[in-house]
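# Observations on the three-dimensional arrangement
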Amino acid sequence: EEEFKWLLQEEVHAVLRQLQDILKEASHRFALPTSGSGGGVKQENFVLSTSGTDQVKGVMTLQGDALCQADVNLKMPRNNQLLHFAFREDKQWKLQQIQDARNHVNQAIYLLMNRDVNYQFKTGLEVLKLMDAVMLQLSRARNRLTTPATLTLPEIASSGLTKMFTPVLPPDILVNFYINLNKLCLTVYQLHVMQPSTTKNFKPAGGSVLHNPGAMFEFGSQRYEVSHVHKVECVVPWLNDALVFFTVSLQLCQQLKDKISVFSSYWNYRPY
């Protein structure tokens, strides 16, 4: 009983402090400029390419959760023509995955700070509930980075991203940016218009993170088929750090839950 009391009063708070420290580090990785501080978040440049091919190359500037500059070079396979597109000066593209992950981390920190060092836990169940709530936020944060949104091709075609470039993207090119684990990814789809006289059966593709050549869709009054897909990517080191912090935090939560559960089962099944 004394040991369990010590666990609730001392060890639980030690783990909560440790979790707060780790998650604050994670939160700093997602840092955003604070209004009026003048500091702002530094801009980082990344070159996205694939080894062994120079069909597509992208140079991206990431600032917190926003792509503030993007330069894309695309070599057309048919005629080796080189196309170049860049974000318009007045545009930047928010990466919702990073924004959501940061919000979940901050929610986890808020839950932990609500149980400060003076708070007295009365039961093991109370600790288990808190750990479950924190783990839920951390799992959601991690899932936002590890699970990109599935989009249909018409959704990609109608997204605001297509209107961000100068010169304007031609109708037979689609682009999509997303985060996958610790990587910033760019996908470029080259399309060809399906003629009304074609004998091919038209089967519109559903939602996917990455569509394959042969995928068909209808947009406006035209039917298109994907002819080429180019995916380029690069590692974002601070996303890597954040994912490590999530893993360590989830392990700490689970270890504390396991300790509490051992004591709880002892109380439930001890002989009288």
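Residues numbered from 1 in each chain as written. Predicted model: local features only at pLDDT ≥ 70, side-chain atom pairs only at ≥ 80, totals over all residues. Heavy atoms only, no water.

This is how the line gets drawn: UniProt positions are given in the numbering used here, feature names are shortened, and annotations may be inferred rather than shown by experiment.
In the nomenclature of an unreviewed UniProt entry, the protein is known as Protein rogdi homolog of Hypocryptadius cinnamomeus. In the Subcellular location (unreviewed entry) part of its UniProt record, the protein is described as follows: "Cytoplasmic vesicle, Secretory vesicle, Synaptic vesicle". We quote the UniProt Sequence similarities (unreviewed entry) comment for the protein here in full: "Belongs to the rogdi family."

## Focus on the pairing of strand β7 (residues 173-180)
The test is simple: The classification of residues rests on relative accessible area computed with a 1.4 Å probe and restricted to protein chains. Under 20% of the type maximum is buried, over 50% is exposed, and intermediate values are partly exposed. Under the scheme used here, helices are H or I runs from DSSP no shorter than 4 residues and strands are E runs no shorter than 2 residues, and both carry numbers assigned from the N terminus. Should DSSP find at least two bridges between two strands, the strands are regarded as paired.
Counting buried positions along β7 gives seven out of eight residues, so the element sits mostly inside the fold. In the sheet, β7 pairs with strand β8 (residues 183-193) via eight bridges, with the strands oriented antiparallel. Bridged to Ile 179 within β8 is Leu 184. In sequence, β7 turns back onto β8 through a hairpin of two residues, with Leu 181 there showing a positive phi of about 60 degrees.

## Here we look at the pattern of salt bridges
As a reminder of what qualifies: Criterion for a salt bridge: a side-chain nitrogen of Lys or Arg within 4 Å of a carboxyl oxygen of Asp or Glu.
Following the criterion strictly, the structure yields eleven salt bridges and no others. For the salt bridge of Asp 65 with Arg 102, the shortest nitrogen-to-oxygen distance reads 3.5 Å. One end of the pair, Asp 65, is in the loop between β2 (53-63) and β3 (66-75); the other, Arg 102, is in helix α2 (residues 96-113), with 37 residues separating them in the sequence. Classification of Asp 65 as buried rests on a relative accessible area of 1%. Relative accessible area serves as the criterion here: at 10%, Arg 102 is assigned to the buried category. In this structure, Glu 218 and Arg 223 form a salt bridge, with 3.7 Å as the shortest nitrogen-oxygen distance. Bridged by salt links that share partners, the residues Glu 25, Arg 29 and Asp 241 form one connected network.

## Some details on the packing of helix α1 (residues 2-29) against α2
Keep this limit in mind: Here, axes are lines fitted to C-alpha atoms. For helices the fit covers the stretch in contact, and angles between N-to-C directions go from 0 to 180 degrees. Orientation categories follow fixed angle ranges, with anything under 35 degrees roughly parallel, anything over 145 roughly antiparallel, 65 to 115 roughly perpendicular, and all other angles oblique. For any helix crossing, the convention is left-handed if the near helix is rotated counterclockwise from the far helix by under a right angle, and right-handed if that rotation is clockwise. By the convention used here, residues are in contact when the closest approach between their heavy atoms is within 4.5 Å.
Where α1 meets α2, the axes come as close as 10 Å, and the angle between the chain directions of the two elements is 155 degrees. For the element pair α1 / α2, the angle class is roughly antiparallel. Like other packed secondary-structure pairs, α1 and α2 cross with a definite hand, here left-handed. Across the interface between the two elements, Leu 16, Leu 19, Gln 20, Leu 23, Lys 24, Ala 26 and Ser 27 from α1 touch Val 105, Asn 106, Ala 108, Ile 109, Leu 112 and Met 113 from α2.

## Quick look at the packing of aromatic side chains
The relation between two aromatic rings is expressed through the spacing of the ring centres and the mutual angle of the planes. Quick reminder of the rule: Side-chain rings of Phe, Tyr and Trp (the six-membered ring for Trp) are treated as a pair once their centres are within 6.5 Å; stacked means planes under 30 degrees apart, edge-to-face means over 60, and tilted covers the remaining angles.
Taken as a whole, this structure holds seven aromatic pairs when the rule is applied. Ring centres of Phe 85 and Phe 165 lie 6.5 Å apart, and the angle between their planes is 80 degrees; on these two criteria the pair is classed as edge-to-face. Of the two residues, Phe 85 is situated in strand β4 (residues 82-87) and Phe 165 in strand β6 (residues 165-166); the sequence distance between them amounts to 80 residues. Considered together, Phe 85 and Phe 165 belong to a single accessibility category, that of buried residues. Geometrically, the ring pair formed by Phe 217 and Tyr 224 is stacked, given 5.3 Å between the ring centres and 20 degrees between the ring planes. As far as the burial class goes, Phe 217 and Tyr 224 line up, both buried. By the ring-pair criterion, three or more aromatic residues cluster together here, those being Phe 85, Phe 87, Phe 165 and Phe 177.

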